Structures are given as structure tokens and as C-alpha cells.
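Chain by chain, the residues run as shown.
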Amino acid sequence: QVQLVESGGGLVQAGGSLRLSCAASGRTFSSYAMGWFRQAPGKERQFVATITRSGGGTYYADSVKGRFTISRDNAKNTVYLQMNSLKPEDTAVYYCAARPTPYYTVYHATDNEYDYWGQGTQVTVSS
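Residues numbered from 1 in each chain as written. Predicted model: local features only at pLDDT ≥ 70, side-chain atom pairs only at ≥ 80, totals over all residues. Heavy atoms only, no water.

Draft legend 1. Layout of the pattern of salt bridges. Summed over all chains, the structure comprises four salt bridges. Put simply, Asp111 and Arg45 hold a salt bridge, and the shortest N to O gap is 3.4 Å. One end of the pair, Asp111, is in the loop between strand 9 (92-100) and strand 10 (116-117); the other, Arg45, is in the loop between strand 4 (32-39) and strand 5 (46-51), with 66 residues separating them in the sequence. Using a relative accessible area of 33% as the deciding quantity, one classes Arg45 as partly exposed. (Salt bridge = Lys/Arg side-chain N within 4 Å of Asp/Glu carboxyl O. Helix = DSSP H or I, 4+ residues; strand = E, 2+ residues; numbered from the N terminus. Buried < 20%, exposed > 50% of the residue type's maximum accessible area, 1.4 Å probe, protein only.)

This is the structure we're talking about:
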């Protein structure tokens, strides 16, 4: 089992940047594929980005491609989401999620594929 704690959210102006972090407990972090999702008020949770267990592969939602970068540091049990050129429509609660997997190259882009979730961190982008 793994516990996830997100941090780094906040209020930023449009065009600005934020870096979210998700710290994971446990000694097997490198065996988990990781993902970031977001949920805006009144909307369903939405896929943002995912990274393979080794960090060798990444996959993004079209809405954030070219602006957001997911990365991980397995030595620090942490996954990151660097968000640049933020837009008001990026406003949401951002969640990280973990899925244990034996595969190094399979991407997981739906929330029902993930077993563990953090509590979320609020990101607000003002216009």
C-alpha cells in the first residue's frame, strides 16, 4: 500500500507557473505508474498526465500538452507536475494517483486504473 500527499498548489495569474509535488510513502515507489488528474467544480475528474514506473515514458491530455511536464524521482519517492503558461481553465483540484504495475511501457489514462489517491491540492488561475 502507498500513501500520497500532494503539495505546491496555490493562486497564480494566467501565464504563470506552478510545480506540484506528490510524495509517496513506502519502499516500492518505483513499481508504481503515477498519474495526475484534476477536477473542477461541477465537472468530472479529468486525466492530466501519466508517467511510467521508470520515468522513461510520459503521456499527456491534449489540453495540457506542451505546457505541463510530469516527472519523477524514484530515489525521493516523488512525482512532479510542472505547469507553465497556466490558463484560467486549468483551475481545479489536482490529484496524484498510483497504480502498481509490472510493466515499464504501458500508459494509464483513466482514473479507474489507479488504486491509490492523494487528498488533492487546489490550483487557481486568475485571468
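Here the narrative resumes.
Draft legend 2. Spatial organisation of the environment of Pro102. Structurally, Pro102 is set in the loop between strand 9 and strand 10. Judged by relative accessible area, which is 58%, Pro102 ranks as exposed.

Draft legend 3. The arrangement of the environment of Gly66 in detail. Considering the arrangement of structural elements, one finds Gly66 in the loop between strand 6 (58-60) and strand 7 (68-73). Sequence spacing of Gly66 and Asn84 is 18 residues, and the spatial spacing of their C-alpha atoms is 8.8 Å.

Draft legend 4. Spotlight on the packing of aromatic side chains. Applying the stated criterion to the full structure yields seven aromatic pairs. Judged by centre distance (5.8 Å) and plane angle (25°), the ring pair of Tyr59 and Tyr107 falls under stacked. Here Tyr59, found in strand 6, pairs with Tyr107, found in the loop between strand 9 and strand 10; they are 48 residues apart in sequence, far enough to count as distant. Using a relative accessible area of 40% as the deciding quantity, one classes Tyr59 as partly exposed. On the numbers, 6.2 Å between centres and 65° between planes, the contact of Tyr114 with Trp117 is edge-to-face. What makes Trp117 partly exposed here is its relative accessible area of 26%. An aromatic cluster is built from Phe37, Phe47, Tyr59, Tyr107, Tyr114 and Trp117, whose rings are joined through pairwise contacts. (Phe/Tyr/Trp six-rings, centres within 6.5 Å; stacked < 30°, edge-to-face > 60°.)

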